[in-house]
Amino acid sequence: MNKMIYADNAATTRLSDAALQAMLPYMQSEYGNASQPYSFARAPKAALAKARETIAKCIGALPEEIYFTSGGTESNNWVLRNIIFSGREVLVSSIEHHSVLNAAKEAEILDHYLPVNYEGIVSPTALTSAISDRTALVSVMMANNEIGTVEPIAELAAIAHKHDCLFHTDAVQAVGHIDINVHELDVDFLSASAHKFNGPKGVGFLYIRKGITLDPLILGGAQESNMRAGTENIASIVAMAAALEENVIHLQENKKHLRQLEECFFAQLAGEGIKCHRNGALSSIPGNISVSFDGLSGEAILHRLDLKGIMISTGSACDSKDTQISHVLKAINLSESLAKGTIRISFGKYNTQEDAIAIAKALVQIIKAK
Ligand code: PLP
C-alpha cells in the first residue's frame, strides 16, 4: 500500500502541532470551568480571553466582537435564522454552502438567489439589481468550498450598506488562508471554522460587528456575553487561536507554497498531454483545484485514486439511479459532461511537491487507462 496522500483540505485539515500543544493543558491539568470564581478557574478564564484577543487580532476585529461557536454551520445558522425568524428577507448567492442555503430556504419569501458568472463570481451589478427595500441581509461567502472562487466582498458589502442592509460572509474557506480585515471589508458578520485552518473540529466563531443586535443563539448561562450559553470548550478554543495565529504569521509563505503545488500539478498533467478544464476564478483560494475531465466520471476517478491511497473530492455524487451535479457546478453553467467529470483537489500546507506530482501521475494513469 502506498503512503496516504491527503489532498482534501477544503473538507478538513490536519491539526497543527501548535494547536495540539496549546490544547493539551486545558484537557488534563487546567480543566477548571472558566465561569467559577475560585483560583483554579483563573488559567482557563485567562486562556479564553487570550484566545479571543488572538483571533480578533487575526481578522482585525475587537475581542468583544468574537463569539465562539461549534463551527461554520452554527455560525451561519445563527445569523441567517435570526434574520429570517424575525420575518425579514435575505438574499444569498446561489453557490453558498448548504448551511446558508438550507437556512435561507426556511424563509417563506426568498426573492431569489444571487446568480454567479462562469467563474463563480457574484457581480456587484447582480447584487444591485437583486437587492430591494425589503432585503434585510445579504449573505455571500468569501471563498467557495468547491471551486475556490474568492468573492469581491468589500464591493458587495458596500452595496448592501448603501441599501441599509446587513452583510454576512461565510469565510470558512478563507480564514487562515487569505488576508482578512473585517473593517477594511466592512462586513457585519463573518463565520469561521477551526478545522479548515488546522484547528480542531467542532469549534469556530462568529464575528458580530460591535453595535449590531442579534438575538442570542442558545439561552442558559452567561457565557459568550449571554449570546451563546454553555460551558466553553476551552481546549478547542485555545487550539483554534493557536492554529489561526500560526497560519496568519505564515500566510504569505503558505500561499506561495500552495500556488507552487498548483503549478507543479498542472505542469505534470500538461507534460503528459492531458486536457482538462479548470473551474473557478484565476485568483482562487490558494491550493484549491477544481478540474473537469470531459466524458469521464469524477466519482470513478475519486475511487481509483482512493485505491492508490490518494484522498480527493468530487463535484458530483452518484446515487443508484442518478448522478447529482452539485449546485455550484450548475450555477456556473458547466456542461453536464464536464460537471460529471469534475474532481476537487485541495492542497494544504503539509502537502509537498512530491504529493502534487504523485497525484498528477496517478490521474494520468487512470485517464490513460480509460
Ligand atoms: N461553509 C463552508 C464554505 C464550508 O466549506 C463548510 C464546511 O465544509 C461550512 C460552512 C461548515 O463548517 P463546519 O464544518 O464547521 O460546520
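Above this text is the structure in question.
Could you give an account of the overall build of the protein, with specific residues and numbers?
Of the regular secondary structure elements, the protein holds 15 helices and 14 strands. Taking 2.2 N^0.38 as the reference for a compact globule, 370 residues should give roughly 21 Å; the C-alpha atoms of the protein span a radius of gyration of 21 Å, in line with that estimate. For the protein, the spread of C-alpha atoms along the three principal axes comes to 65 × 55 × 40 Å. Considering the protein as a whole, with its 370 residues, one finds that 55% of them fall into the buried category.

Give me unusual backbone geometry: which residues, what numbers.
Despite not being glycine, Ser225 shows a phi value in the positive range, around 50°. Structurally, Ser225 is set in helix α9 (residues 223-226). Overall, the relative accessible area of 54% leaves Ser225 in the exposed class. Even without a glycine there, the phi angle at Asn226 is positive, about 65°.

Explain the pairing of strand β3 (residues 89-92) to me, and be specific about the residues and the numbers.
Burial along β3 is two-sided: Glu89 and Leu91 facing one way and Val90 and Val92 facing the other are all buried. Judged from the 4 bridges that link them, β3 and strand β4 (residues 135-139) form a sheet pairing that is parallel. From the neighbouring strand, Val90 faces β4, where its bridge partner is Leu137.

Can you lay out the environment of Val328 for me, pointing to particular residues and giving the numbers?
The residue Val328 is located in helix α13 (residues 327-331) in this model. On the accessibility criterion, Val328 (0% relative accessible area) is buried. Sequence separation between Val328 and Lys361 is 33 residues; the distance between their C-alpha atoms is 27 Å.

Which residues make up the packing of aromatic side chains, and what values do they have?
Scanning the entire structure with this criterion turns up 3 aromatic pairs. Considering the side-chain rings of Tyr31 and Phe40, the 5.1 Å spacing of their centres and the 75° angle between planes classify their relative orientation as edge-to-face. For Tyr31, a relative accessible area of 55% translates into the label exposed. Take Phe40: its relative accessible area is 33%, and that puts it in the partly exposed class. Ring geometry for Tyr67 versus Trp78: centroids 6.0 Å apart, planes at 85°, classification edge-to-face. In this pair, Tyr67 sits in strand β2 (residues 66-69) while Trp78 sits in helix α4 (residues 72-85), placing the two residues 11 residues apart along the sequence. Comparing Tyr67 with Trp78 shows no difference in burial state: the two are buried.

Talk me through the pattern of salt bridges; I want residue IDs and the actual numbers.
Scanning the entire structure with this criterion turns up 16 salt bridges. Asp179 is the partner of Lys255 in a salt bridge, and the nearest nitrogen-oxygen pair spans 3.0 Å. Note that Lys255 is positioned in helix α11 (residues 251-271) and Asp179 in the loop between β5 (166-170) and α8 (182-185), a separation of 76 residues in sequence. Residue Arg259 is joined to Glu262 by a salt bridge in which the shortest nitrogen-to-oxygen separation is 2.9 Å. In this pair, Arg259 and Glu262 both sit in helix α11, 3 residues apart, roughly one turn of the helix. Relative accessible area serves as the criterion here: at 27%, Arg259 is assigned to the partly exposed category. On the accessibility criterion, Glu262 (6% relative accessible area) is buried.

Account for the site of the ligand, naming residues and giving values.
The environment of the ligand is formed by 14 residues, the closest being Thr73, Asp170, Gln173, Ser193 and Lys196. Here a nitrogen atom of the ligand sits 2.6 Å away from a polar atom, N or O, in the side chain of Asp170. At a separation of 2.8 Å, an oxygen atom of the ligand approaches a polar side-chain atom of Gln173. Contact with the protein chains removes 84% of the 390 Å² of surface that the ligand exposes when unbound.

How each quantity is defined
- Residues numbered from 1 in each chain as written.
- Predicted model: local features only at pLDDT ≥ 70, side-chain atom pairs only at ≥ 80, totals over all residues.
- Heavy atoms only, no water.
- Helix = DSSP H or I, 4+ residues; strand = E, 2+ residues; numbered from the N terminus.
- Rg over C-alpha atoms; globule rule 2.2 N^0.38 Å.
- Buried < 20%, exposed > 50% of the residue type's maximum accessible area, 1.4 Å probe, protein only.
- Pairing = 2+ DSSP bridges.
- Phe/Tyr/Trp six-rings, centres within 6.5 Å; stacked < 30°, edge-to-face > 60°.
- Salt bridge = Lys/Arg side-chain N within 4 Å of Asp/Glu carboxyl O.
- Near = heavy atom within 4 Å.
- Polar contact = N/O pair within 3.5 Å; in protein donor to acceptor, adjacent residues only side chain to side chain.
- Areas by Shrake-Rupley, 256 points an atom, 1.4 Å probe, with all protein chains shown as cover.

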